[in-house]
Amino acid sequence: MIALLCTGCKNVPAETESGGNTTATNRDQAVKFAACIREHGVPDFPDANAKGEFVYAISVSPSVWTRAVGACKALQPPGTLSTRRGPEQQKAGLKFAQCIRDNGVKDFPDPVKGEPLIDTTRIPSTSTNGGMTILSAAMQTCRALLDAAAAGQ
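Calculation criteria
Residues numbered from 1 in each chain as written. Predicted model: local features only at pLDDT ≥ 70, side-chain atom pairs only at ≥ 80, totals over all residues. Heavy atoms only, no water. Phe/Tyr/Trp six-rings, centres within 6.5 Å; stacked < 30°, edge-to-face > 60°. Helix = DSSP H or I, 4+ residues; strand = E, 2+ residues; numbered from the N terminus. Buried < 20%, exposed > 50% of the residue type's maximum accessible area, 1.4 Å probe, protein only. Core = buried A, V, L, I, M, F, W, Y, C linked by side-chain atoms within 4.5 Å. Contact = heavy atoms within 4.5 Å.

A.B. asks: Go over the packing of aromatic side chains with me, naming the residues and quoting the values.
C.D. replies: According to the stated counting rule, one finds 2 aromatic pairs in the structure shown. Plain terms: the ring middles of F33 and F45 are 6.0 Å apart, the flat faces sit at 90° to each other, and that makes the pair edge-to-face. One end of the pair, F33, is in helix 1 (residues 23–39); the other, F45, is in the loop between helix 1 and strand 2 (53–58), and 12 residues separate them in sequence. Per residue, the accessibility class of F33 equals that of F45, and both read buried. Pairing F96 with F108 gives two aromatic rings, centres 5.7 Å apart and planes at 90°, and the pair type is edge-to-face. Within this pair, whereas F96 is found in helix 3 (residues 87–102), its partner F108 is found in the loop between helix 3 and strand 3 (118–119), the two being separated by 12 residues in sequence. The burial state of F96 is the same as that of F108; both residues are buried.

A.B. asks: Residues and numbers for the nonpolar core, please.
C.D. replies: Counting 17 residues, the largest nonpolar core has F96, I100, V105, F108, I118, L135 and M139 as its most contacted members. Within the residue set of this core, elements represented by two or more residues are helix 3, helix 4 (131–141) and helix 5 (143–150). The dominant element in this core, judged by the number of residues it contributes, is helix 3, at 5 residues. Among all residues touching V105, those that are not within four sequence positions of it are I100, I123, S125, I134, L135 and A138. The next biggest cluster of nonpolar side chains, apart from the first, holds 14 residues, and it includes A30, F33, V42 and F45.

A.B. asks: Quick one: what's the story with the side chain of Q90, residue by residue and with numbers?
C.D. replies: For Q90, the location among the structural elements is in helix 3. Not counting the four nearest positions on each side in its chain, Q90 is found in contact with R85, P111 and K113.

Printed below as a string of structure tokens:
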């Protein structure tokens, strides 16, 4: 089994340029997407938070995750689960990785473009006793850098 963590995966903007409010539509789409992911084998996938972000920790095999996302693709809000980062986001991602290492997760890798900022399959220490607790504490300490790295995703 693997655990994949992604924080700051954002939903679409809450308002349109015409001034119309699409908050209900966006929220409805995000709720349906999260429910679909859960129905397809990822029972711990949460609903989006008040900011429209999915903050989650998943402990499923890669095949289960891929199958769930594929089955729910039509419901996926634009921009969610994105791993694309521009140059400024990548720079912030590198600072985030260093901050995590400085705060106890010595094997935390630098982010690779096109891959999640946090992928516990690439962090051996997270499978040790207390490893996820140390990572969670480091993430809280480094939250501002994580937010900068995930901005616009």
